[in-house]
Structure formats: structure tokens, C-alpha cells
Amino acid sequence: MRPTYVPISRAKKGEFDTYKNLSDMVKRSIFPIFELPSMSKTMLASKKYSSADDPIRFYIQNKSHEIHDAMNNKLIGIDIHSWAPNSTIETGEHVLAYYSGCLEQLGCKAIPVVGYDRWEDEEYSTVLKQLSKANDRFIIRLDEDAFQDMLEEDFFLDNFEDIVSSLNLDTKKSAIMLDLGDVSKSASTIVALHEKISTALHLLSDYDFNFISIAGCSVTGDINGMVPKANSQGIVVRKELKAWKSIKNFSPSINLVFGDYGVVNPSLGDDIIAPYANGKIRYTTEDSYFVVRGYPKNTLEKGAQMHELSRRLISSGYYNQASFSWGDKMIELCAKEGLADGKKTPFKGSSTDWVAIDSNHHMTYVINEIKEYERALVSNKDKLAELQPW
């Protein structure tokens, strides 16, 4: 069946730990898209990769194995959004083709994402055409370039049709993603997002895709954009969710699936290392994030501040229960300064651990939230249109 939720996740350890610890019910309802992080100069200079003759090939193989271990052969989408569209491994094979091939060899069922903004690159479009010879299902990703092109309807539709026809894709087995990107800025109002989505749905109405999803992120890249003052907390409205709900409220039967970037802003670079960032917990609640901010991790109690931040969250009234998700269980463990994984010191978690904890709660909450909202729409308005299996 169609997914309930389409999150975009970076293929990194925190995200893998998120998926490994989701309940089976949540896993069944999610269709994740894994973006392959680009290789930074720091990574290439590391001992692990500097000694390899072909570090890019080696890196993609490692990432493919990690995805396989985390997802257990579940259907996923894959993209190379942060790579140059003509990127290759050392042998000259295109990165997307090699990424797709590695996953296929491992038994992973991976659907390639087609970037509208990258289609004009000859090498990129050529490799996708080659992939289409053995694959008739794709996900077309429409981002800001596409939204701008939609102002000239015929121009956009000509470009879009070129993608569909060139790949000979089966629309009933394929999907579209409306990528709103970073919507944390004040200019990205809920009304503006609603208009973008509505315009796209209108222009694509003649196509019969399996589903159309959205993606956006209201979490800022900098904690100051959410909670300006250290040792305080604040509420951040999930604008991408509010925009999706506004569309569904007007047209309950429309085949529009919710998606987002979770708790990590997509504009953050893949090679960002911030060992002294503020301690924080990004906790998903109704239509919002409750963000608990600490202080720089190189001061005062350093990483151990997470114990107090967890206690503040639990006493806030927003916390669910430890039984709600693995992420919630780990928050309670941290608040009680308990031990984890056989360690002899109280669990406080690294930045990567907290990406996993926050994301695990987020995905569990979103699945429950979306299902409840759609049930309410069905009971209050017309029955949702029958959808083809995904």
C-alpha cells in the first residue's frame, strides 16, 4: 500500500540507529529516502579512506552495507542530492549507478530519485536513462528550480514530460516528491507553502502517479534560530505539516503523502563537525517541536548537561512515556542517569546519539499523528480515494 510517511534521511549513523530501533508498525508505514552524503576533504584525509586506492568506491560500498543492515531489505528511495550531478567513482562509473548497483547486489530494493534540477546535466540524465532499461519506477524530485519553472507552465510541463518519456517510467508505480527544502525562514509562510503545493498539484493533475509526497524542514540549522537564549526552551511550528494539513483539509481524498527532513536541517553541510555545540533536545509534539536548549558542550558539565535537559523535557508536560518509542525510553534513561549498553558511566549520549533519539521519537510521533488525522478526515468528510499498491 502507499506509505503513510516519506522522510528524507542522510545515510549516516544517527539515522541508521533511528531506523534500527523503530517498531515494526512504524517501519511498515514508512518509505524512507536515503541521501548519500558527499565525501568531505576531512573524510578523504582520514586513516580509513586515505589508505584506500579507491576511497569513493570503498565509501559507497560501506554506506550500502550500512543501509542494508539498518533497513533489512525494506523498499527505499536513494538520491545523491549533495553530489555534483556528474560525479563518478575512481573507475569512471557514475556515483548514482554504483550506489544503486551496490544496494541491488545486497538484495536491497532501491528506487532511484530523479532530480528535476539536475536533469539538464548530460551525464546525469544519461545514467538515469541507462538505469531505466532495467527499472520502470522512479521518484521525481521537484525542488525550488521546479517551483520557479512552474511560473511558466508550458516550460515546466515540457521539462517534466521530457523526464517521464525519456525514462519510459510507469507513473502508476512511480512517485513525485515536492521538496520544499528549508522552510525555517520567515519568508516560508504556511500560506506560501500551501500555494507552492497547490500549483504543483494543479500542473501535475493529468498524470496518474502512485502518490505525490511533500518534504520540508522547520528545524533551523542554528539553535539560535529556534531558542535564542541558553538554558531555556521554545516552540517551533512545523510549517511543512501545517501546509500539508491545509491541503488535505480542502481535498481529503487527494493522493498527497506527508514527508519531511526530520529533526536535521537539510542546509547543513555533510562535513559539519561541531563538538562544542549546545546541548539540545528536539522533541516532536502536536504541530510543533518543543526544543530544550542547554549550553556549549565545552563548558560547565559538558555532555552531562543532557541529564538535566532530559529531566526538563520530562517535567514540561510535552513528554509522552518511555513506552512510546525507543527514543523516549532513552530520554528517560538519560534523565535517570542510567547505564546503557553495558557502560559503567551514566548515559549522556553523543550528538549522533541524540540525532537518533530525537528522530526515533519524531518518526513514531509522525506516523501516529498522520494516521489519526487521516482517520478524522475519513470520518468527517468523503471517503479517501482508493489507491494503488506501492
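Residues numbered from 1 in each chain as written. Predicted model: local features only at pLDDT ≥ 70, side-chain atom pairs only at ≥ 80, totals over all residues. Heavy atoms only, no water.

Peer 1: Is there a simple way to think about the side chain of Asn135 in this case?
Peer 2: In this fold, Asn135 is placed in the loop between helix H7 (122-131) and strand S5 (139-142). Among the residues examined, Asn135 registers a relative accessible area of 17% and is labelled buried. At a separation of 3.1 Å, a polar atom in the side chain of Asn135 contacts the main-chain carbonyl oxygen of Arg137. (Helix = DSSP H or I, 4+ residues; strand = E, 2+ residues; numbered from the N terminus. Buried < 20%, exposed > 50% of the residue type's maximum accessible area, 1.4 Å probe, protein only. Polar contact = N/O pair within 3.5 Å; in protein donor to acceptor, adjacent residues only side chain to side chain.)

Peer 1: Can you walk me through the sheet that holds strand S6 (residues 175-182) in this structure?
Peer 2: As a general point, the strands of a sheet are linked pairwise by backbone hydrogen bonds and lie either parallel or antiparallel. Read from one edge of the open sheet, 8 strands run S1-S2-S3-S4-S5-S6-S7-S9, paired in parallel fashion. Unpaired on one side and paired on the other, strand S1 (8-10) and strand S9 (256-257) mark the two borders of the sheet. Relative to strand S7 (residues 211-217), S6 runs parallel, the two being bridged by 7 bridges. Bridge pairing in S7 links Ala175 to Phe211. (Pairing = 2+ DSSP bridges.)

Peer 1: Whenever I open this one, the pattern of salt bridges confuses me. Can you help?
Peer 2: Pairing between side chains of opposite charge can happen when their charged atoms approach one another. What the rule picks out here adds up to 21 salt bridges. When the shortest N-O distance is used, the salt bridge between Asp79 and Arg118 registers 2.9 Å. With Asp79 in strand S3 (residues 76-79) and Arg118 in the loop between strand S4 (110-115) and H7, this pair connects stretches of sequence that are 39 residues apart. Residues Asp79 and Arg118 agree in their burial class; the two are buried. The salt bridge partner of Glu308 is Arg311, with a shortest N-O separation of 3.2 Å. Highlighted residues: Glu308 and Arg311, both in helix H12 (residues 305-314), separated by 3 residues, approximately one helical turn. Looking at Glu308, the relative accessible area reads 37%, which means it is partly exposed. What makes Arg311 partly exposed here is its relative accessible area of 32%. Through salt bridges that share partners, Glu35, Asp79, Asp117, Arg118, Arg141 and Asp179 make up one connected network. (Salt bridge = Lys/Arg side-chain N within 4 Å of Asp/Glu carboxyl O.)

Peer 1: For this particular structure, what's the right way to read the environment of Leu44?
Peer 2: Tracing the chain through its elements places Leu44 in helix H3 (residues 41-45). The class of Leu44 is partly exposed, set by a relative accessible area of 35%. Taking the C-alpha atoms as reference points, Leu44 and Lys13, separated by 31 residues in sequence, lie 18 Å from one another. With residues near it in sequence (within four places) discarded, Leu44 still touches Met39, Tyr49, Ser50 and Pro55. (Contact = heavy atoms within 4.5 Å.)

Peer 1: Is there a simple way to think about unusual backbone geometry in this case?
Peer 2: Most peptide bonds adopt trans geometry, and most residues besides glycine take a negative phi value. Phi is positive for Lys302, which is not a glycine, with a value near 55 degrees. Residue Asp341 is not a glycine yet carries a positive backbone phi of 55 degrees. By secondary structure assignment, the location of Asp341 is in the loop between helix H13 (326-335) and helix H14 (351-380).

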